[in-house]
Amino acid sequence: MYHPQNWSQPFPVSREITVTGNGEIDAQPDYVQIQIEVRTEGKDVSLAQQENAIIMNRVIGSLVALNIPREAIQTTAYTISPNYDYIEGKQVFRGYEVQNAITVKITDISQAGMVIDTALQNGANHVSAIQFKIEDSDAYYQMALNLALVNAMAKAISMAETMHVPLQPIPVEIIEESHNTPVTYKSIQLSNQELMTPIEQGRIPINASVRVKFRF
């Protein structure tokens, strides 16, 4: 009886390589946000509130005089809290603290130092944060994403050349890594500063990362 011989036909082995690509764009911030606070104290909460309102209105008026639009000035916090001293282990009521905070959006970043100094001169006693931001960060992120993909492809090509294997140029999988909205923060506390407070805006790095899979 004839038994046909079994032949095993070799199939090409599909191998994969996964690389991570990174891209970064240095963006110029479009505007700066500054939080300015007025804090007043008093044993009579109504008087502390009245004093606070008078000072804050003066601060806001001085900023409007610098051509800061009123819609660019927003109240972000208003709190009233009791304060206590501890004398010989006992809690002694000192009075109330009224804290009123506004956020000022400044599109002319070179004006930031003048805004801070003007607010302090008119009664503000705390500057809690400076935030440089970008209006349309998505456009910069797309550019960084393109750079990340180019970076991943360059890595894959380099590795394939080192191993002397033919790399298939079309990726079989591209995964965008999670990313956070890019924002830079400068937290400072100012009081009784000399004119002009220096504010260095710097640039904002926009980062993107992709994981790319190739076959070879």
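All values reported here derive from a predicted model rather than from experimental measurement.

Overview of a nonpolar patch on the surface
Piece 1. On the surface, a nonpolar cluster with roughly 330 Å² of combined accessible area is contributed by Tyr84, Tyr86 and Phe93.
Piece 2. As for its position among the elements, phenylalanine 93 is in strand 4 (residues 90–106).
Piece 3. Residue phenylalanine 93 is classed as partly exposed on the basis of its relative accessible area of 33%.

As for the side chain of threonine 40
Piece 1. If you trace the backbone, threonine 40 turns up in strand 2 (residues 31–42).
Piece 2. The class for threonine 40 is buried, based on a relative accessible area of 3%.
Piece 3. At 2.9 Å, the side chain of threonine 40 forms a polar contact with the backbone oxygen of alanine 48.
Piece 4. Filtering out sequence-adjacent residues up to four positions away, threonine 40 remains in contact with Ala48, Glu51, Asn52, Ile55, Tyr96, Glu97 and Val98.

So, unusual backbone geometry
Piece 1. At asparagine 67, a residue that is not glycine, the phi angle is positive and equals roughly 70 degrees.
Piece 2. In this structure, asparagine 67 sits in the loop between helix 1 (45–64) and strand 3 (73–87).
Piece 3. Relative accessible area serves as the criterion here: at 68%, asparagine 67 is assigned to the exposed category.
Piece 4. Unusually for a residue other than glycine, histidine 164 sits at a positive phi of about 55 degrees.

Quick word on the environment of lysine 105
Piece 1. Secondary-structure assignment places lysine 105 in strand 4.
Piece 2. Note on lysine 105: relative accessible area 29%, which makes it partly exposed.
Piece 3. In this structure, the C-alpha to C-alpha distance between lysine 105 and valine 32, residues 73 residues apart in sequence, is 5.9 Å.
Piece 4. In this structure lysine 105 touches Tyr31, Val32, Gln33, Ile68, Ala72 and Glu135, once residues within four positions along its chain are discounted.
Piece 5. At 3.1 Å, the side chain of lysine 105 forms a polar contact with the side chain of glutamate 135.

Digging into the sheet that holds strand 1 (residues 16–27)
Piece 1. Taken together, three strands build an open sheet; the order of strands is 1-8-6 and the sheet is antiparallel. Since the sheet does not close on itself, it has two edges, and those belong to strand 1 and strand 6 (173–176), each with one partner. Across this sheet, the average inter-strand angle for adjacent strands is 20 degrees, counted without regard to direction.
Piece 2. Two strands pair when backbone bridges link them, and strand 6 and strand 8 (residues 204–215) are joined in this way by four bridges, in the antiparallel orientation. Each residue of the ladder has a partner; that of isoleucine 175, found in strand 8, is arginine 211.

So, how was this worked out
- Residues numbered from 1 in each chain as written.
- Predicted model: local features only at pLDDT ≥ 70, side-chain atom pairs only at ≥ 80, totals over all residues.
- Heavy atoms only, no water.
- Patch = residues over 30% accessible without salt bridge, like charges linked within 9 Å, V, L, I, M, F, W, Y side chains within 5 Å.
- Areas by Shrake-Rupley, 256 points an atom, 1.4 Å probe, with all protein chains shown as cover.
- Salt bridge = Lys/Arg side-chain N within 4 Å of Asp/Glu carboxyl O.
- Helix = DSSP H or I, 4+ residues; strand = E, 2+ residues; numbered from the N terminus.
- Buried < 20%, exposed > 50% of the residue type's maximum accessible area, 1.4 Å probe, protein only.
- Polar contact = N/O pair within 3.5 Å; in protein donor to acceptor, adjacent residues only side chain to side chain.
- Contact = heavy atoms within 4.5 Å.
- Pairing = 2+ DSSP bridges.
- Axes fitted to C-alpha atoms, helices over the stretch in contact; angles between N-to-C directions.

Purely geometric numbers; function is a separate question.
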